[in-house]
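# Secondary and tertiary structure notes
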Amino acid sequence: QEGNGVVAMIDLLIKDLDKELQEAGVMEKDAQKEYEKVMAESAAKRAADSKSVTEKASTKAATEEALQNEKESKAGAVKEHMTTVKYLQALHSECDWLMQYHDVRK
């Protein structure tokens with residue numbers, strides 16, 4: 001009878017081990033699926049981030065180019081304005097001289 005008890009205990013241990021191995025297998029499969037899901041989400045996020053960085057770099061380059069063009073345009077406008085101011089000063093001086101000597105020239 002003691003032999004049957006020992007065999008029954010060994011059978012019980014074998015069943016428990018089989019059950020634990022089966023549970024571990026299911027848990028490992030679930031963990032693998034979760035890992036693959038996280039990796040796929042991460043890859044999608046990296047792709048979206050990479051696209052976003054590329055778009056932002058393109059926008060930045062276009063903005064910097066527009067800024068450079070505006071700076072050049074401003075420099076040209078300032079130069080033209082200064083030329084106009086100098087011309088007006090010369091006209092004003094000439095006009096003042098003409099007004100001052102108008103009576104003398106009559």
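One structure accompanies this document, and this report is about it. For clarity, every value in this text was computed on a predicted model and none was experimentally measured.

## Regarding the overall build of the protein chain
Along the backbone of the protein chain there are two helices and zero strands. Its C-alpha atoms give the protein chain a radius of gyration of 45 Å, clearly above 13 Å, the size a compact globule of 106 residues would have. The C-alpha extent of the protein chain, read off along each of the three principal axes, is 150 × 15 × 10 Å. For the protein chain, with 106 residues in total, the buried portion stands at 0%. In the protein chain, 16 positive and 21 negative side-chain charges are present, and the distance between their average locations comes to 12 Å.

## Considerations on a nonpolar patch on the surface
Nonpolar side chains collect at one region of the surface, where Trp-97, Leu-98, Tyr-101 and Val-104 lie side by side and expose about 400 Å² of accessible area between them. Its place among the elements puts Trp-97 in helix 1 (residues 2–100).

## A look at the pattern of salt bridges
Charged atoms that come close allow side chains of opposite charge to pair. What the rule picks out here adds up to two salt bridges. Across the pair Asp-49 and Lys-45 runs a salt bridge, and its minimum N-O distance is 3.1 Å. You can see Asp-49 and its partner Lys-45 sitting in helix 1, four residues apart, about one turn around the helix. A relative accessible area of 52% means that Lys-45 is categorised as exposed.

## Description of the environment of Val-26
Structurally, the position occupied by Val-26 is in helix 1. Between the alpha carbons of Val-26 and Glu-41 there is a distance of 23 Å; along the sequence they are 15 residues apart.

Analysis parameters
- One numbering rule holds for all chains: residues counted from 1, following each sequence as written.
- Under the rules for a predicted model, residues below a pLDDT of 70 receive no local features and side-chain atom pairs below 80 are neither given nor counted, while totals for whole chains, interfaces and linings still include all residues.
- Hydrogens and waters are ignored; side-chain quantities use all the structure's heavy atoms.
- Helix and strand assignments follow DSSP, with helices taken as H or I runs no shorter than four residues and strands as E runs no shorter than two, numbered in order from the N terminus.
- Here the radius of gyration uses the C-alpha set of atoms, whereas the globule reference equals 2.2 Å times the residue count to the power 0.38.
- The buried label goes to any residue with under 20% of its type's maximum accessible area, the exposed label to any with over 50%, and the partly exposed label to all in between, with areas taken from a 1.4 Å probe on protein chains only.
- None of His or the chain ends enter the tally, which takes Lys and Arg as positive and Asp and Glu as negative.
- To locate a charge, take NZ of a lysine, CZ of an arginine, CG of an aspartate or CD of a glutamate.
- Candidate patch residues must exceed 30% relative accessible area and have no salt bridge, after which like charges are joined if within 9 Å and Val, Leu, Ile, Met, Phe, Trp or Tyr side chains if within 5 Å.
- Calculation of accessible area relied on Shrake-Rupley with a 1.4 Å probe; when residues are assessed, cover is drawn exclusively from the protein chains displayed.
- Each reported salt bridge corresponds to a side-chain nitrogen of Lys or Arg within 4 Å of a carboxyl oxygen of Asp or Glu.

Keep in mind these values describe shape, not function.
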